[in-house]
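So the chains spell out like this:
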Amino acid sequence: MTYPALPPFATVLQITLQPQDPVLPLQCAQGQRAQLEVLSGRLWLTQHGRSDDWFLERGQGMTLNGAAQLYAGAEGREPLRLRWALERNVFPADKPWGQ
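Residues numbered from 1 in each chain as written. Predicted model: local features only at pLDDT ≥ 70, side-chain atom pairs only at ≥ 80, totals over all residues. Heavy atoms only, no water.

Novice: Tell me what's going on with the environment of Leu43, and back it up with residues and numbers.
Specialist: Within the secondary structure, Leu43 is located in strand E4 (residues 42-47). Once the C-alpha coordinates of Leu43 and Leu56 are considered, the two residues, 13 residues apart in sequence, prove to be 5.1 Å apart. Filtering out sequence-adjacent residues up to four positions away, Leu43 remains in contact with Leu36, Val38, Trp54, Phe55, Leu56, Ala72, Gly73, Leu80 and Leu82. (Helix = DSSP H or I, 4+ residues; strand = E, 2+ residues; numbered from the N terminus. Contact = heavy atoms within 4.5 Å.)

Written out as structure tokens, the structure is:
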């Protein structure tokens, strides 16, 4: 998965989680856009307040529009490496998550 170039006001993190590590909270605030990409391993991802979960493999990703509180974990026996990029002040404050 290839994302367009991020603007200079973006924050990019590369995160590694081991299968035994606790769940990692990921925050996408109101007005932000988050781009998530699995670099290796398998990702388990859920959002606070939703009953469905996502499982993403290497090369897969998703774009989220804030506000959202997510929880990520390594699924399976392999370590998980993911890229989490946040762009600030992208959307008006009244635009809900996922729209």
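Novice: Which residues make up the sheet that holds strand E2 (residues 24-28), and what values go with them?
Specialist: The strand order across the open sheet formed by four strands is E2-E7-E4-E5, and the pairing between neighbours is antiparallel. Each end of this open sheet is capped by a strand with a single partner; those strands are E2 and strand E5 (53-57). Here the average twist between neighbouring strands, direction ignored, is 30 degrees. Bridging between E4 and E5 involves five bridges; their strand directions are antiparallel. Within the sheet, the bridge partner assigned to Arg42 lies in E5 and is Glu57. (Pairing = 2+ DSSP bridges. Axes fitted to C-alpha atoms, helices over the stretch in contact; angles between N-to-C directions.)

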